[in-house]
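Structure at a glance
Okay, here's what each chain looks like letter by letter:
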Amino acid sequence: QFYFNRTDHYLPSIIEGLKFLKNRQMLNLVNKAEVLYQKNLKLFEKATTTEEFSQLYKKIKGFSELDSKYYKLREKTIALIEKYIKENPKEFVTLK
């Protein structure tokens, strides 16, 4: 979905955030996904519908596995972000 929604321009910030949080598992996964994406960029650019994009999971070896791993790691990543925000609220919001 990240690549289908064309939100890959956020990738540098995501990578920096994962490094900052020391979330190596998600960082490795994101880096592997980006390598696959760049390697198959022409296929991704041609996929303009959800159906075409879904077919890429079958065509690109490893892409589906990375997606599954993402969903397994997602909760840990969210928990790390939540913990950081709770420990550093002044970096995000100042209530008056």
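Summary of the structure given here. Everything numeric here is computed off the predicted structure, so don't read it as measured data.

**Description of helix 5 (residues 63-87)**
- With 25 residues, helix 5 should reach 36 Å at 1.5 Å per residue; the first-to-last C-alpha distance of 35 Å fits that figure.
- The axis of helix 5 is deflected most strongly, by about 40°, at Leu73.
- Residues of helix 5 that are buried: Phe63, Leu66, Leu73, Thr77 and Tyr84.

**Regarding the nonpolar core**
- Membership of the largest hydrophobic core comes to 19 residues, with the highest contact counts inside it found for Tyr3, Phe44, Phe53 and Phe63.
- Within the residue set of this core, elements represented by two or more residues are helix 1 (11-20), helix 2 (24-39), helix 4 (50-59) and helix 5.
- Sorting elements by how many residues they give to this core places helix 2 first, with 7 residues.

**Notes on the pattern of salt bridges**
- Scanning the model with the defined rule gives 3 salt bridges in all.
- For Lys19, the salt bridge identified is with Glu16, shortest N-O distance 3.8 Å. Pair noted here: Lys19 and Glu16 are both in helix 1, with a separation of 3 residues, about one helical turn.
- In this structure Lys19 comes out as partly exposed when scored by relative accessible area, which is 46%.
- For Lys83, the salt bridge goes to Glu87, with nearest N and O atoms at 3.9 Å. In this pair, Lys83 and Glu87 both sit in helix 5, 4 residues apart, roughly one turn of the helix.
- The exposure class assigned to Lys83 is partly exposed, which follows from its relative accessible area of 49%.

About the criteria used
- In this numbering scheme, every chain counts its residues from 1 along its sequence in written order.
- At least 70 in pLDDT is required for a residue's local features to be given in this predicted model, at least 80 for side-chain atom pairs to be given and counted, and no such filter applies to totals for whole chains, interfaces and linings, which use all residues.
- Side-chain metrics in this entry use all non-hydrogen atoms of the structure; hydrogen atoms and water are not considered.
- By definition, any uninterrupted DSSP run of H or I lasting at least four residues is a helix, any uninterrupted run of E lasting at least two residues is a strand, and each is numbered from the N terminus.
- Here, expected helix span is obtained from the residue count minus one, scaled by 1.5 Å.
- One axis is fitted to the seven residues ending at the residue and one to the seven starting there. The bend at that residue is the angle between these axes.
- Buried residues are those whose accessible area, probed at 1.4 Å on protein chains only, stays under 20% of the maximum for their type, while exposed residues exceed 50% and partly exposed ones sit between those limits.
- Buried Ala, Val, Leu, Ile, Met, Phe, Trp, Tyr and Cys residues form a nonpolar core when they are joined through side-chain atoms within 4.5 Å.
- Between Lys or Arg on one side and Asp or Glu on the other, a salt bridge is scored when a side-chain nitrogen of the former is within 4 Å of a carboxyl oxygen of the latter.

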